[in-house]
Structures are given as structure tokens and as C-alpha cells.
Number of protein chains: 4
Amino acid sequence: MKPVIAINYKAYYPHSFGEHCLRITRDAIRVKNEIDVEIILAPPFTELYRVIRESENTGVKVYAQHADPVEPGAATGYIPIEGLKEIGVHGVIINHSEHRLKISDINWLIKRAKKTGLETLVCADEPEIGAAIALLKPDMIAVEPPELIGTGISVSKAKPEVIVNSVDLIRKIDPSIRILTGAGITTGEDVYRALKLGTIGVLVASAIVKSQNPYSVIREMAVNAVKALNDS
Amino acid sequence: MKPVIAINYKAYYPHSFGEHCLRITRDAIRVKNEIDVEIILAPPFTELYRVIRESENTGVKVYAQHADPVEPGAATGYIPIEGLKEIGVHGVIINHSEHRLKISDINWLIKRAKKTGLETLVCADEPEIGAAIALLKPDMIAVEPPELIGTGISVSKAKPEVIVNSVDLIRKIDPSIRILTGAGITTGEDVYRALKLGTIGVLVASAIVKSQNPYSVIREMAVNAVKALNDS
Amino acid sequence: MKPVIAINYKAYYPHSFGEHCLRITRDAIRVKNEIDVEIILAPPFTELYRVIRESENTGVKVYAQHADPVEPGAATGYIPIEGLKEIGVHGVIINHSEHRLKISDINWLIKRAKKTGLETLVCADEPEIGAAIALLKPDMIAVEPPELIGTGISVSKAKPEVIVNSVDLIRKIDPSIRILTGAGITTGEDVYRALKLGTIGVLVASAIVKSQNPYSVIREMAVNAVKALNDS
Amino acid sequence: MKPVIAINYKAYYPHSFGEHCLRITRDAIRVKNEIDVEIILAPPFTELYRVIRESENTGVKVYAQHADPVEPGAATGYIPIEGLKEIGVHGVIINHSEHRLKISDINWLIKRAKKTGLETLVCADEPEIGAAIALLKPDMIAVEPPELIGTGISVSKAKPEVIVNSVDLIRKIDPSIRILTGAGITTGEDVYRALKLGTIGVLVASAIVKSQNPYSVIREMAVNAVKALNDS
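On a predicted model such as this, the values are computed, not experimentally measured, just so you know.

Visitor: Teacher, can you tell me more about the relation of the copies chain B and chain A here?
Guide: Between the two chain copies there is a screw-like relation: a rotation about an axis and a shift along it. Rotating chain B by 180° about the axis while translating it 0.0 Å along that axis superimposes it on chain A, leaving an RMSD of 0.0 Å. This pairing of chains is accounted for by a two-fold axis. Of the C-alpha atoms belonging to chain B, the one lying closest to the rotation axis is found on B:Thr46, 2.5 Å away. Most of the interface of chain B is mirrored in chain A: 100% of its interface residues are interface residues there too.

Visitor: I would appreciate a short explanation of the environment of C:Arg100 in the present structure.
Guide: Here C:Arg100 shows up in the loop between β4 (91–94) and α4 (103–116). Spatially, the C-alpha atoms of C:Arg100 and C:Pro69 are 12 Å apart, while their sequence positions differ by 31 residues.

Visitor: What exactly am I supposed to notice about the pattern of salt bridges here?
Guide: If charged atoms from side chains of opposite charge come close, those side chains can pair. Here the structure, examined in full by the defined rule, presents 77 salt bridges over all chains. The partner of A:Glu126 in a salt bridge is C:Lys111, and the shortest N-O contact between them spans 3.4 Å. Placement of the pair is A:Glu126 in the loop between β5 (119–124) and α5 (127–134) and C:Lys111 in helix α4, with the two residues belonging to separate chains. Of the charged contacts, one joins B:Glu128 and D:Lys111 as a salt bridge, the two residues approaching to 2.1 Å between their closest N and O atoms. Highlighted residues: B:Glu128 in helix α5 (residues 127–134) and D:Lys111 in helix α4 (residues 103–116), drawn from two different chains. Taking relative accessible area as the criterion, D:Lys111 reaches 39% and is therefore assigned partly exposed. When salt bridges with common partners are traced through the structure, they connect A:Glu38, A:Lys61, A:Glu119 and A:Arg178 into a single cluster.

Visitor: Help me understand the interface of chain B and chain A, please; the structure alone is not making it clear to me.
Guide: Chain B puts 34 residues into the contact, and the matching count from chain A is 34 residues. Approximately 3100 Å² of surface area, both sides summed, lies buried where chain B meets chain A, with 64% of it carried by carbon and sulfur atoms. Here chain B is connected to chain A by zero salt bridges. The interface formed by chain B and chain A contains 18 residue pairs in polar contact (both at pLDDT 80 or more). Taken together, the elements giving at least two residues each to the side of chain B that touches chain A come down to α1 (18–34), α2 (48–54) and α3 (81–87) of chain B. Of the residues forming the side of chain B that touches chain A, the biggest block, five residues, is contributed by α3(B). Considered class by class, the residues forming the side of chain B that touches chain A number 16 nonpolar, eleven polar and seven charged.

Visitor: Got a minute to help me understand unusual backbone geometry in this structure?
Guide: A negative phi holds for most residues other than glycine; trans holds for most peptide bonds. Residue and element names in this part refer to chain B. Residue tyrosine 13 is joined to proline 14 through a cis peptide bond whose omega torsion reads 5°. On the secondary structure map, proline 14 appears in the loop between β1 (4–8) and α1. If you check the backbone angles, lysine 10 has positive phi at about 50° while not being a glycine. For lysine 10, the position within the fold is in the loop between β1 and α1. On the accessibility criterion, lysine 10 (2% relative accessible area) is buried.

Visitor: Help me understand the packing of helix α4 (residues 103–116) of chain A against helix α5 (residues 127–134) of chain C in this model?
Guide: Pairs of packed helices are described in terms of their axes, by the angle between the two and the distance that separates them. Viewed as axis vectors pointing N to C, α4(A) and α5(C) meet at an angle of 130°, and their least axial separation amounts to 10 Å. Taken together, α4(A) and α5(C) sit at an angle that is classed as oblique. Here α4(A) runs over α5(C); the crossing is right-handed. Packed against α4(A), whose contacting residues are A:Ile103, A:Ser104, A:Asn107 and A:Lys111, the element α5(C) presents C:Glu128, C:Ile129, C:Ala132 and C:Ile133 at the interface. When grouped by side-chain class, the residues that make up the contact of α4(A) with α5(C) number four nonpolar, two polar and two charged.

Visitor: Would you mind showing me how to read helix α10 (residues 214–231) of chain B here?
Guide: Think of an α-helix as turning once every 3.6 residues; residues three or four places apart then point the same way. All names here are of chain B. Helix length check: α10, at 18 residues, gives a terminal C-alpha distance of 26 Å against a target of 26 Å (1.5 Å per residue), a fit within 8%. Of all the residues in α10, the buried ones are Pro214, Tyr215, Val217, Ile218, Met221, Ala222, Asn224, Ala225 and Ala228. The secondary structure elements touched by the buried residues of α10 are β1, α1, β2 (38–42), α8 (188–196), β8 (201–204) and α9 (206–209).

Visitor: What should I look at first to understand the relation of the copies chain B and chain D in this one?
Guide: Superposing chain B onto chain D takes a rotation of 180° plus a shift of 0.0 Å along the axis, which leaves an RMSD of 0.0 Å. The residues that chain B uses at the interface reappear at the interface of chain D in 100% of cases, marking a shared surface.

Visitor: Please explain the side chain of D:Arg50 as it appears in this structure.
Guide: Mapped onto the elements of the fold, D:Arg50 is located in helix α2 (residues 48–54). Note on D:Arg50: relative accessible area 16%, which makes it buried. Excluding residues within four positions of it along the chain, D:Arg50 makes contact with C:Tyr49, C:Ile87, D:Gly18 and D:Leu22.

Visitor: Help me understand the interface of chain B and chain D, please; the structure alone is not making it clear to me.
Guide: In many analyses, interface size is given as the accessible surface area lost on bringing the parts together. Taken together, the contacts link 19 residues of chain B with 19 residues of chain D. Summing both partners gives a buried area of about 1500 Å² for chain B against chain D, and 69% of it is carried by carbon and sulfur. It is B:Ile103, B:Glu128 and B:Leu135 that lose the most area in chain B upon contact with chain D, and together they represent 34% of the buried surface on that side. Where chain B meets chain D, there are four salt bridges.

Visitor: In this structure, what is going on with the environment of C:Thr25? I would like to understand it.
Guide: All names here are of chain C. Note that threonine 25 resides in helix α1 (residues 18–34). Separated by 25 residues in the primary sequence, threonine 25 and arginine 50 have C-alpha atoms spaced 9.6 Å apart. Threonine 25 has contacts with Tyr9, Leu41, Val51 and Glu54, leaving out every residue within four places of it along the chain. A polar side-chain atom of threonine 25 sits 2.9 Å from a polar atom in the side chain of tyrosine 9.

Visitor: Explanation requested: the sheet that holds strand β1 (residues 4–8) of chain A in the structure shown.
Guide: Whenever strands of a sheet pair, they do so through backbone hydrogen bonds, lying parallel or antiparallel. Residues and elements named next belong to chain A. The eight strands lie next to each other as β1-β2-β3-β4-β5-β6-β7-β8, forming a closed barrel whose pairing is parallel. Adjacent strand axes in the sheet meet at a mean angle of 25°, parallel and antiparallel pairs treated alike. Alignment of β1 against strand β2 (residues 38–42), held across five bridges, turns out to be parallel. Among the inter-strand pairings, isoleucine 5 is bridged to a residue of β2, identified as isoleucine 39. This element, helix α1 (residues 18–34), spans β1 and β2 of the sheet and lies at about 170° to β2.

Visitor: What is the right way to read the nonpolar core from this model?
Guide: Taken as a class, soluble globular proteins show a tendency for nonpolar side chains to be buried jointly. Judged by nonpolar contacts, the single largest core of 270 residues is most densely connected at A:Leu84, B:Leu84, C:Leu84 and D:Leu84. If we ignore the near neighbours within four places in the chain, the residues touching A:Leu84 are A:Phe45, A:Leu48, A:Ala64, A:His66, A:Ala67, A:Ile79, A:Val89, A:Val92, A:Leu118 and B:Thr46.

Visitor: Can you help me understand the state of the cysteines in this one?
Guide: Covalent bonding between the sulfur atoms of two cysteines is what defines a disulfide. Residue and element names in this part refer to chain A. Counted by the stated rule, this structure contains zero disulfides over all chains. Unpaired in this structure, cysteine 21 has its nearest cysteine sulfur neighbour in cysteine 123, at a distance of 19 Å. On the basis of relative accessible area, cysteine 123 is assigned to the buried category, the value being 0%.

Visitor: Would you take a moment to explain the sheet that holds strand β8 (residues 201–204) of chain C for this structure?
Guide: Residue and element names in this part refer to chain C. Taken in spatial order, the eight strands line up as β1-β2-β3-β4-β5-β6-β7-β8 and close into a barrel, and their pairing is parallel. The sheet shows a mean angle of 25° between the axes of neighbouring strands, direction not considered. Pairing analysis gives two bridges linking strand β2 (residues 38–42) to strand β3 (residues 61–64), with the strands arranged parallel. Along β3, the bridge assignment pairs leucine 41 with valine 62. Docked against the sheet, helix α10 (residues 214–231) engages β1 (4–8), β2 and β8, running at close to 150° with respect to β1.

Visitor: Can you help me understand the pairing of strand β3 (residues 61–64) of chain A in this one?
Guide: Residue and element names in this part refer to chain A. Side chains Lys61 and Tyr63 project from β3 onto one buried face, and the interleaved Val62 and Ala64 project onto a second face that is buried too. In this sheet, strand β4 (residues 91–94) lies alongside β3 in parallel orientation, the contact comprising two bridges. Paired with tyrosine 63 across the strands is glycine 91, a residue of β4. The β-α-β motif built from β3, the intervening helix α3 (residues 81–87) and the parallel element β4 has right-handed crossover chirality.

Visitor: Explain the packing of aromatic side chains to me, please; I cannot follow it from the model alone.
Guide: For any pair of aromatic rings, geometry is given as the distance between the ring centres together with the angle between the planes. Tallying each qualifying case throughout the model produces eight aromatic pairs over all chains. It is A:Arg30 that lies over the ring of A:Tyr215; its NZ or CZ is 3.5 Å from the centre.

Visitor: Please explain the pairing of strand β5 (residues 119–124) of chain B as it appears in this structure.
Guide: Regular strands show a simple pattern: their side chains alternate between the two faces of the sheet. All names here are of chain B. Counting buried positions over the six residues of β5 gives six, a clear majority of the element. Here β5 shows two buried faces, one formed by Glu119, Leu121 and Cys123 and the other by Thr120, Val122 and Ala124. Relative to β5, strand β4 (residues 91–94) runs parallel, the two sharing four bridges. Considered in β5, the bridge of isoleucine 93 is made with leucine 121. Between the parallel elements β4 and β5, the chain passes through helix α4 (residues 103–116) in a crossover that is right-handed. Relative to strand β6 (residues 140–143), β5 runs parallel, the two being bridged by four bridges. Following the sheet pairing, alanine 124 is matched in β6 by valine 143.

Calculation notes
- Residues numbered from 1 in each chain as written.
- Chains lettered and ligands numbered in written order.
- Predicted model: local features only at pLDDT ≥ 70, side-chain atom pairs only at ≥ 80, totals over all residues.
- Heavy atoms only, no water.
- Least-squares fit on C-alpha atoms with pLDDT ≥ 70 in both.
- Contact = heavy atoms within 4.5 Å.
- Helix = DSSP H or I, 4+ residues; strand = E, 2+ residues; numbered from the N terminus.
- Salt bridge = Lys/Arg side-chain N within 4 Å of Asp/Glu carboxyl O.
- Buried < 20%, exposed > 50% of the residue type's maximum accessible area, 1.4 Å probe, protein only.
- Buried area = accessible area lost by both parts, 1.4 Å probe.
- Polar contact = N/O pair within 3.5 Å; in protein donor to acceptor, adjacent residues only side chain to side chain.
- Nonpolar A, V, L, I, M, F, W, Y, C, P; charged D, E, K, R; others polar.
- Axes fitted to C-alpha atoms, helices over the stretch in contact; angles between N-to-C directions.
- Parallel < 35°, antiparallel > 145°, perpendicular 65-115°, else oblique.
- Left-handed = near helix turned anticlockwise from the far one by under 90°.
- Expected span 1.5 Å × (residues − 1).
- Pairing = 2+ DSSP bridges.
- Core = buried A, V, L, I, M, F, W, Y, C linked by side-chain atoms within 4.5 Å.
- Disulfide = S-S within 2.5 Å.
- Right-handed = clockwise from strand over helix to strand, strands pointing away.
- Phe/Tyr/Trp six-rings, centres within 6.5 Å; stacked < 30°, edge-to-face > 60°.
- Lys NZ or Arg CZ within 6 Å of the ring centre and 35° of its normal.

As C-alpha cells, this is what we get:
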């Protein structure tokens, strides 16, 4: 199984939009060409089209940052799963700590995405929530204690037990779900540690998106992810 | 002043997305080339990029269906005003009846949009709400009684007094705000009547978006809008 | 283990308020004096004080219909767990289908309630959601397909497999959690069937609250609940 | 016209609940007996019953901190206007900065409250929002810049122009609406200044609710309010 580097572009300005967004995208593709990792890009809704075109036939996957729990139809300013599929995303992030959802909507979205052929990466802030979500059968779960998000303090360093407990609980429910570490992942070392704690990858935002040199950050993370898997 | 045909693509599937979305866009541009009206297109977030490219240098304007009342930054799955500006929209719909906002957020978004150089089209469901919104100084207000939206029963026929009262109240507050009629606009006759009641245009969705022939519907509406203005 | 009749007064007017509310309360106490069941009363927030005073030393328990996921403090118009404890409730309903919560808030509320000494009754609309919630360790789970709520069509009759699957999944996670059947419970026969399907009680609203004679409805339900347990 | 001291108990623990809540209530009644001001008490939903009983025939008014924009009926954990009327409140606070509402819901609630015979006190954080709300015809508007709430920095000192502008704009729309100053009101001097800026009273929370001696704080505020009116 390949390690996963999932990049949440969030909505930083100007970093997450326009040319900046494309630069991150190209840097990620360059790393993908050099190192055998799975790379997931999650730009803002409005940038999905360009990022998808840019990454065609590169092996890089594009996810939406969120899907609204609405049926297609008279829904102004909402993007249903079907609209995301149409534009060409591979998957969708659900229940990010900055976009928490009702449990019934998480369940509905996972089922709808599956039916539509989209992968799902669901966020959880505590081990037992990770386990609860595992019962709803997403493809991936990212464990990210919200108090560490955006702090530059890696969860794999500050709260390793949250990761270890989450991995333990989620595996008991469903060992086929891939688990990522989120929150505060900043350096290659953080990524190495995250994989040594039993997860298969990381969900990263500001450390890459706001970097002067996204390529070097993504590369360092990818190198460390592969190293961590080989060391085990 | 030119009459306004504003098209809310909503999130119909497949109508509002992909090739269907582009077809509506091209049909609207074709009408714009033939008739001197202002045309506003409001596709889903994910389709904005393509619709904006398609309509470059055509005089047609592109609006977002909504803007999230968030600052740019760590905001996953939200699109701030700055992100919309970056992709190239001319304006934004705010407070659609399918996406109602808090009054403080409406105020914040109008100010933010103005500062960023985006136009604002704010929806109101009752005359006094239209007047209240007028105090917040948007560019346009669309009056649309929500019980008629999507019914095919035109507000200009079923509840002309809602339009007349709204126009009256909003004009008293700020005569520079352009007023549109929304809800149930289906035919050219509905458009004609809407403009005779004192509004300068219409906000239309399903009648165009779900039509077999968007071009002919848009054209008929544009013709009637011009006719109504000339008749007065 | 005693069967449970939980009565959600909802916000019917005038049924759920004032004298009507007290009448239901007294009728429930009367049944409690006659039949050995656990009775839970969940009146609106504003009626809690009177219902708690009325039911003191009767063995009947009083629950809030909801708790807001807020810390005590500067929170206008919200009732934190501590405020409910202070007024004297025994427990709280969480995530009712008419008041769905984010999964992180459900988790937070269950923990907070436990710490404060309140029982928790969490609603779930599908078997896998029931299982997911079981991992968060509430005292009770009510399974209620929302499409049947208020219909008078009992879930135990129309969708017995939802109940059976829920009981099955929840038991596997945590056999100590008591499971109730909700949605459309109208008659004693519905209650009997609900308990035969493996749940320990019912969550009922309109059939009791809007009845001309709450006493007779509650009594019939209690009688059938006891009968179902004795028959097994 | 009498000056108004409106006390928002919020949800401080233990201050806003149980015996503490009753003590504030009794202290306010004592001031009312001594000084000719209008006193409005807004305790949490769960405490309304006791506060209403305590203040019967004292001339003190009791308001709810919020009303949910729901029709009476199948609404679990929500309190419709009719439920508040039934328990005996005189009015309701709407759109507090800690409980912001959609503009259409503010409009609906004001109309519903009026029809039901309840007074409305609507909060606004900026002058133009105050003016917009004035068009919806509430009985009172409280102007409170949210960044000062709970700071102990009085808006009447830190941002007098917000009050002056609000009074000016609201008066132009409807001079019959009584205007209160909120946010950071801590001392009698703050109250004096608030009334000198043209408002008729104050909306106060922590300065009274968290005080060791609510009586002396309320009294000082009432004395200063009367003095400010007499001085003009």
C-alpha cells in the first residue's frame, strides 16, 4: 500500500486560488512523478476545474473539500455529490473540523458518494468518533484533534496517543479503512512519525499551501512517508 | 437602463452541470448578441471557471450563486468573496431563499463584495425585507415570495401586490437600487408583466435551466423585457 | 429490566404546554403507580420546572428534549447541560430527528452529561448510525426512521427489519445500552411488537400528547410492554 | 417615558440558574420598588417559570432570551412563540449577537410575537442593521457592537458614534421604537452616558449577573438612568 499525502488547500488568499493554486498543483504533480506516493489535492470548489485539467493523466487525485448533503435540484449555492462527479473529482473530504456535519448527513454523503463512484475521506477529532465513522464505511479516515490544526504543532508529536488509539479502534471496526494523520503536520519528520504510529499518510494544509516552496515541502513529506513504510 | 435577465442555474442534474451548463451559457450569449439586455449567469461554484471563460468579451456577466461569510484563511469547503473575485466573477447572489443568511452576514458580505469590486444581488421574500436590505446598499434586490419558487406560477401574476409594494418601499429607501422580480417566472408574458409592475428585470431558474431549448426561452424573455420598457 | 415508555411532548400547541402539559404528566404518574414500567417525560424546556415538581418522588423520570452543545457562560438563548442538571432533570434526549446534531457535538454532550450525572437517550435513524452512536456510550438509543415519525405508521410494523438490524448492530458494539423503538408508535400493539423485536421500550410523541385521554393510551402501552417482556 | 434596564441572564453557571437566578430576580424587583424604571428580566428558558412567578404583580417584566422560528407542532427541543406566551412572558429578545438569526426569521418572529401579544427586543450590531430592523417594527432595538460584549468596555465610552449613528438612523425610520445600548455596560456612569447619547436604556448581562451584589449594581444603573433623563 502506498503512503498518502493529502493536501487541503483550504481558502487562504491568495495561496489557495488562481496561479498560486496551480503552482501547488504542479509542484505536487512533480513530486508524484519522482516518488511513488498517492497524492490527493483538495482545492476550493471554484478551482476544481483547473486543478483537474492540470492533473489529468498524472496519477494525482483531486478531491473536493466538502460536499453539501443535498439532492441535486433547486439548491442555490450548494454542490451536490453529482455535481462534483460531473466536474471530474475522484473523491470528497467530509466532516472536516472546519466544516462539521450532522451524523445523519455524514452517513448519507458516504453512501451517495459510493453510489456515484467517489471516494470518501472523513475527518474525526477523537478516537471514538473515528471508530463511529468507521462503521459508516468511508474509504479513509483522517484523525485530527482540532486544537492542533494550523498550529504547526504536529499531532504525531504532541498527542501520539490520539493517533495510536484511533488506529487501534478503527482497525477493530474495519481494517480495510486507510487512516491518515491530520492537524499540525509541518515537517517530513512529522510525517515519518505519523506513519510509524500506524497511519498510512497525512492530511496537510498550511505547511504546504502557505509555503514559499511547496515542491520542497511536499517532496520532503513524500520521502519521509516512503522511508517510514520501508523502515517498518 | 437595460432590462436584466438573471439566470440562476441552481444545482439541477444534469442540467446545471458540464455540457448542459455550457449549452445554457452559449444560448444566453447568443441572445445577448441579438438583443440589448443585461444578462447575468449564475452557475454552480464548480462551473464558474468554464462559464467565465466561455463568456469572456461577450458582455454577459457571471455571478456566483452564493458567497460564504468567511474571511479567507483556514476555511475548508467555503468560498470567500476574494476567491470568487480571483476566478473572475462580476458579482454574487446573496440570501437566496434556498440559502438564507443572517442579517449581520448579509451586511458583511455586501460591504466585503463592494470593497472587492463585486456587484451584489440580494434576495428578499417580503416587501419589508426588501426595504430592510435596501438600507444595506446592494446593487440589486430580487423580490421572490418563496412559496412560488419553482412552481411555474409567476409572482407577477399571482401576487402582483408583493412586487408593487416592494418596489414602492425599496424606492423610498434608495431609488438607485435595481429591483428584479423572482419566483415562478416562466414565460415572456411573465417577464413583460414583471417589468410593467416597476421592476427592471427578472431572476429565473428552472424555466430556462430545465428547458429543452434555453435559447428560445431566454430570447422570448429578453424580447418581452425590452418591449415592456419601450411600452412605458 | 423494566420496559421503558419515553414520552416526547414536542412543542404542540396547546397540548405540550401549560395545563395540558401537566395533565399528561399526571396521567403518566398515574400509570407509573399502577404498572411497573420506567416512564420518562420530556416536556419543553419552559415546562421542565413544573413537570419536575409534579413528578417528585413518583419514580417517573424527567428528561430535556435537547441540550445545546455549549459551555455555560455567555450563551444567550441556549441551555447548557449544567443548567438542565440544576433544574433537576434526570437525563436528556440528544440528536432527535427534529434536532439533528454534529457527530462531534453528540460525543461532547454524552461525555458532558455523564460527567454531570445526567442520563442520555440518543436518537438514530438508521441501524449503522445506531451502531456508530453506541461507540459513544450513551445510556439509551432510540431507533426511529424519520420518514415514519408522526405518521401513525409504526416502525415496528412497517419496517421491522430496521429495528432488528439496529438491535443486532448495537448489541454487538455494547450490549449494555438499552434500545428503544421510535417513530409512529400509536397503539399498545405497536409497543408489544416493538418489544418483541428486541427493544426494551418506546419513544412516543403525538399518540399520547395529542390524545383526548393520555392516561388510557399510556396505560395501554405500559400494559403491552409488560406483556411483551413476560411473553418472552 | 421610563428608562429601561434589561437584564440578560445568559447561561452563566451557577449565576444564571437556580437560587442565583432567583436572587438576581429579587434584587431587580427590590430596585423596581424603589426607583421608577422599567426593568426587564431575561433568564434562561428553564428558569422562566420561577422568575415569572417571583415577579408577579411587581411591575417587572420577564422576557425570553430567544424564540425559535418554528410553528408549534412536531418540533423537539424548540420553543415556539406560543409556548413562551403560555408560560407568561411579556416579550422576547430576538437576534442577540450570541444567537443571530436569518433576516426572514427575524421578520417572521416579530410578526408572530405581535400577533401573540408579546413585545420584541431585537439586537443589532451596526447602525445600518439597526435601521434595517426598524423597518420590521419591533418594540425595542438594542445596539451592541459584538466586539465589546462581555469586555467591561462600555460601547457608550469606546464607540459613542455607533450609538449616535444608530439612534439617528433608527429614529428616521421609526421614532416610536425604543432604543437600548448594549455591550460592555458595567457601571452607572456607562448607563448615564448611554442615555445621554440618546437611547432610553441599557441591555446588561455579566456586570449584574456575575456581581456579588446584583442589587447594588442594578440600583446604581437605575439611579443613573433616571438622572440622565432628568438632566436632559
